[in-house]
Amino acid sequence: MKKIEAIIKPFKLDEVKDALNEMGIKGMTISEVKGYGRQKGHKEIYRGAEYIVDFIPKVKIEIIVEASMVEAVVTKIRETANTGKIGDGKIFVLPVEEVIRVRTGETGKEAI
Amino acid sequence: MVVDVELRAKRDALEYLWRQGLSGQALLHKHSQLIDDYLVCLFANCPEAAEGMSLVALGGYGRRELFPYSDIDLLLLHTPEAENRLGAVSEALFYPLWDAGLEVGHGVRTPDACLADARQDFFFQVALLDARHLAGSQPLFTSMRQAFHRELIAGHRREFLQNMMQHRNERHHRYGMHSYQLEPHIKESRGGFRDIQAMIWTSRALFGLQELRDIEEAGLISPQEKEAFAQAWDSLIKIRNQLHYLSGRKNDQLFFEYQVEMAKAFKYSDTRGTLGVERFMQDLYRHLQTVATTTDLFFEHVDETLGSPRANPVEQTIEPGITVRQERLHLTDQALIEKRPYLLMRLFSHAGKTGLEIHHRSRKIVTANLHLVDDKIRHSKRMAKAFFDVLENAKDVLAVLSVMLDTGLLTAYLPEFEQIRALAQHDVYHVFTVDRHLLQTVAELKKLSLSKTPFAGVESPHVLALAALLHDIGKGHHEDHAQRGSTLAAEVGKRLGLTEAETACLSFLVKNHLFLTVTALRRDLEDDAFLRQCAEQIQSPERLTMLYLLSIADAKATGPTAWSEWKGALLLEISLKIAHLLERKDTVLPDKRQGAEWMLDQVRALMGKAAPSDYKILPEEYLLSFPPEEVAHHLRLRAGLKNEKQAITEPTDHTLFWSVLVMAHDSTGLLAKICGTLALHGLNVVSAQIFTWEDGTVVDVLNVRPAAEQTYAEQDWQALGEDLNLAIKNRLGLSHRLVEKFRTAFRGTGQKNVQAAPRVVIDNMASEQFTIIEVFANDRPGLLYDITRTLADFELNIHRARISSDGDQVVDVFYTLDGFATKINNPSFQEEISKALLHVAENETGAGARLQW
């Protein structure tokens, strides 16, 4: 089992969600995150006043899938979230030791 | 035990009767009776209880208001001699109740211990007020009751009231949080059962009044109030009964998951546009509000009757019919209210300005006079002025608007509010009912105006505030709420006397209040073509600023999850990008040129034969700033400008502000002379549009407000025109006259606050065409005159100006070019201008006192 974490641009969330749903992935965790990365925050000057946003708003999607699904999911996210511009985001794949469903105590594949 | 089974069966039967339509009150009484019978039977069968003991019902059970799963509060009163038999009696009485699964609150006390405990514990003291004898020794009970009243109540009325009010306030505070707004606690929340009881207890302890009817007869509440209150109470009883049965336990909080089922149980069904559950919650919120308002008024009234007299009994009349007495505002003249119903709104505008509360009796007077707010009053300019005064200037706008809503005045004045009053939205996102959310938004907007955002300084803050108040007015209907709201808002705007342009802006804001937030989240902010579309839709930086501020205020007023720094960053990004597009001329130029030609056609058609030979003298900027009728009007007026040293002055009344059109031949320092003359006539410039035709004709439109309370009709416009002509002929010494005027008029009234240091910013970046000079200064009489005169001394031409004030600070922005019609690029010249302006801004002048416009 693997955990896929994708950090993407907020406006791409709906598209990515739909694409994953189509693949049969219904469950995911989504959070609003702040990116402090190579694509630095920006300083804007408007009407003489300086305004600094020191982070970039991003969305994080977390999904757990069976190892066999990883490639397809990663490809789908990459295709969907890509705009070709800086700041499109990153995808991480992590190993997962165990999954347990709180209500029933099921583990492994059944609990995903 | 046989009795347990019987008790359980009887309680089940009761639930059955409830489902068959037993009334709420009847259920409470039957339930109490059932438990009474059971306890009396148990008591009678216990030989140890025969002497020196008395079984007493307390609290809600004592009042015979026993909800399906409420605690059964019992007191076993005993003489000291009966001490050794207590164990057996408790066992015989309480164990069967526990076995039957009832929640029992029990105490075992001697009369002396009762009094001692009641002295320590206010809750127990209050519980004893409801004490009712169930079984056992009557004399024992009676003597305890008498001692209780003699020692704890009589002579302690003020203390009792203070305790009661303090507990009430603490409880409101505790249960006023967000989660309780979404999922109201119908016992403890504001307007819940505790508030009802607080009023009944207080009446009983203080005045010996037993029931609601007695309270009404004593004149503590009016018959109308009593009627509404009784109805709300009755409905709340039904709701609480149902909630207990639905939860299957003592639960008084209407959790989200129960709301739909509750609505179904009371036969609320979904209709097009509203959910049954939303209408159910709306009714519930209205009942809670009725109880809250009535009990608020009750406690204020009792507190005043009983409370310590306040220090300052002096009465001060603010205006005919409205006075301040003991730091409360009072309506004093019923006949005058009938003659001038706008006094009702003036009361609130004074409340906003002074920060004083409106006396409870005057709040009742407002409610009793709502029938005076008819269609004519809804169109009244004075009414509108007072209303906008509240929106814009109230110190605590949320408090003032809340009272306006609670008294019913807001809904009477804006009938559009009725539909959304107490309307709930069935989701976890919208914490407040729609009406409260709208009031919150106005308050958040006010807070924003005091904080630093890149978008600030709105030209018509009253339009923005009204948009905040109306942005969700279209909810509760199946149509798109923003679309429907914009139509309703336009009607309101017209009725309240906004100009056509302002009404259009209002309607635009309401229609698009979600635009920025939604696009910021859902669209690619690097898509230039899309951003350009946004810019075209929004049209002007002014509108963008308004939309930006409205979006933030709206989100902040929605609930704790609706606003975050994260969303703020996205919103800021899209707004800045659109702003840069709007300020860049080249992106909109083609459309503009077309617009200007279209305008010229319109003007030509209007002018007919009187058309001047050459339209080229009219600059594009100018053509795009006025409707064709006005351009034609200006052209006609120009014919009347006979000589160089002459000005035409023409005022217009826009209700909330006035505008003055000035036409003259261009000359150095003309704007300074205009500003000086306006100041001399007590007029405060809010914003100005300044145009120079190519033939040297100046067309200036200055929006002004009177510095003192005077009406448009009272203003001497003719004298203003004459003085301006004198000034242009250099026959009027403006400088010394201004000093003179403000020395006499304002001596001693100004108090020195801590002031921000004046600042001058010269910016060549923000505009392609102009050098923008911004002056931040502390306001004083004649300041604008001094600044414009200084600019004239440098032979700078002012092409546009925006004058805004934020409390005592003014921010004056001038779009300027130097004498050669180019930007001011020379750094040393820039510095010279800065220094000269700072000198003027820092100078407190000979007037000696500062003026609070």
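Residues numbered from 1 in each chain as written. Chains lettered and ligands numbered in written order. Predicted model: local features only at pLDDT ≥ 70, side-chain atom pairs only at ≥ 80, totals over all residues.

K.L.:
Would you mind showing me how to read the overall build of chain A here?
P.N.:
Looking only at helices and strands, chain A has two helices and six strands in total. Each helix (α) and strand (β) of chain A, taken in turn from the N terminus, gives the series β-α-β-β-β-β-α-β. Per-residue burial over chain A gives 19% buried out of 112 residues. Intrachain contacts of chain A at a sequence separation of at least 6 include 70% that bridge at least 24 residues. (Helix = DSSP H or I, 4+ residues; strand = E, 2+ residues; numbered from the N terminus. Buried ≥ 20, exposed ≤ 12 C-beta atoms within 10 Å, placed from the backbone. Contact = placed C-beta atoms within 7 Å.)

K.L.:
Explanation requested: the packing of helix α10 (residues 193-207) of chain B against helix α14 (residues 276-306) of chain B in the structure shown.
P.N.:
Helix-helix packing is characterised by the crossing angle of the two axes and by the distance between the axes. Residue and element names in this part refer to chain B. Between α10 and α14, the shortest axis-to-axis distance is 9 Å and the interhelical angle comes to 25°. Between α10 and α14, the crossing angle belongs to the class labelled roughly parallel. In this structure, α10 meets α14 at a crossing whose hand is left-handed. Of the residues in α14, those touching α10 at D195, I196, A198, M199, T202 and L206 are V291, A292, T295, F298, V302 and L306. Here the contact of α10 with α14 is built from residues that sort into nine nonpolar, two polar and one charged. (Axes fitted to C-alpha atoms, helices over the stretch in contact; angles between N-to-C directions. Parallel < 35°, antiparallel > 145°, perpendicular 65-115°, else oblique. Left-handed = near helix turned anticlockwise from the far one by under 90°. Nonpolar A, V, L, I, M, F, W, Y, C, P; charged D, E, K, R; others polar.)

K.L.:
Looking at this structure, I do not really get the sheet that holds strand β3 (residues 104-109) of chain B. What am I missing?
P.N.:
Backbone-to-backbone hydrogen bonds pair the strands of a sheet. The strands run either parallel or antiparallel. All names here are of chain B. Pairing in this open sheet of four strands is mixed, and the strands run β3-β2-β1-β4 from one edge to the other. Strand pairing shows two members of the sheet lacking a second neighbour, β3 and β4 (132-136), which therefore form its edges. On average, each strand axis in the sheet is inclined to that of its neighbour by 25°, with strand direction left out of account. Relative to β3, strand β2 (residues 72-78) is paired through six bridges, and the arrangement is parallel. By the bridge assignment, L75 is partnered in β3 with G107. Lying on the sheet, helix α2 (residues 24-44) is in contact with β1 (53-57), β2 and β4; it crosses β4 at an angle near 35°. (Pairing = 2+ DSSP bridges.)

K.L.:
Which parts of the structure should I look at to understand the nonpolar core?
P.N.:
Within soluble globular proteins, side chains that are nonpolar tend to cluster in buried spots. Core analysis: the biggest nonpolar cluster contains 162 residues, and L347, V442, A467 and I578 of chain B have the highest contact counts within it. With sequence-adjacent residues up to four places away left out, L347 of chain B is seen in contact with I322, L329, L331, I358, S362 and V366 of chain B. (Core = buried A, V, L, I, M, F, W, Y, C linked by C-beta atoms within 7 Å.)

K.L.:
I'm lost on the pairing of strand β5 (residues 56-65) of chain A in this one. Help?
P.N.:
Moving residue by residue along a regular strand, the side chains alternate between the two faces of the sheet. Residue and element names in this part refer to chain A. Most of β5 sits out of view: seven of its 10 residues are buried. As paired elements, strand β1 (residues 2-8) and β5 share seven bridges and run antiparallel to each other. For I8, the partnering residue across the bridge sits in β5 and is V59. Alignment of strand β2 (residues 29-35) against β5, held across seven bridges, turns out to be antiparallel. When the sheet's bridge partners are listed, I30 is paired in β5 with I61.

K.L.:
It is not clear to me how the confidence of the model for chain B should be interpreted in this structure. Could you clarify?
P.N.:
Note that predicted coordinates carrying low pLDDT should not be read in detail. Residues and elements named next belong to chain B. For chain B, the average pLDDT comes to 86, and 93% of its residues sit at 70 or higher. The secondary structure element of chain B with the lowest average pLDDT is helix α30 (residues 589-607), at 70, and the one with the highest is helix α21 (residues 409-413), at 97. Overall, residues 585-590 carries pLDDT values under 50, and its contacts beyond four positions in sequence, including any with other chains, amount to three contacts. The model gives residues 846-853 a pLDDT under 50, and that stretch makes 27 contacts with residues more than four places away or in other chains. Quick note on the complex model: pTM equals 0.67, ipTM equals 0.77. (pLDDT = per-residue confidence, 0-100.)

K.L.:
Please clarify how the packing of helix α16 (residues 343-354) of chain B against helix α19 (residues 381-393) of chain B should be interpreted in this entry.
P.N.:
Residue and element names in this part refer to chain B. Contact pair α16 / α19: the axes reach a minimum separation of 8 Å and the direction vectors enclose 25°. In terms of axis orientation, α16 runs roughly parallel to α19. Our pair here, α16 against α19, has a crossing hand that is left-handed. Along the contact surface, α16 presents M345, R346, F348, S349, G352 and K353, while α19 presents M383, A386, F387, D389, V390 and N393.

K.L.:
When you look at the environment of Y175 of chain B in this model, what are you seeing that I'm missing?
P.N.:
Residues and elements named next belong to chain B. Along the chain, Y175 falls in the loop between α8 (157-174) and α9 (178-182). For Y175, a count of 19 C-beta atoms within 10 Å gives the class partly exposed. With 15 residues separating them along the chain, Y175 and R190 place their C-alpha atoms 7.3 Å apart. Excluding residues within four positions of it along the chain, Y175 makes contact with Y180, H185, E188, S189 and R190.

K.L.:
How should I be thinking about helix α13 (residues 256-265) of chain B in this particular structure?
P.N.:
It helps to recall that an α-helix has 3.6 residues per turn; residues three or four apart then point in one direction. All names here are of chain B. Buried within α13 are the following residues: Q259, M262 and A263. Each buried residue of α13 sits inside an arc of 95° when the element is viewed along its axis, so together they form one side. Where α13 is buried, its residues contact α12 (223-247) and α14. Just past α13, the residue K267 takes up positive phi, approximately 65°. (Arc of directions from axis to C-beta.)

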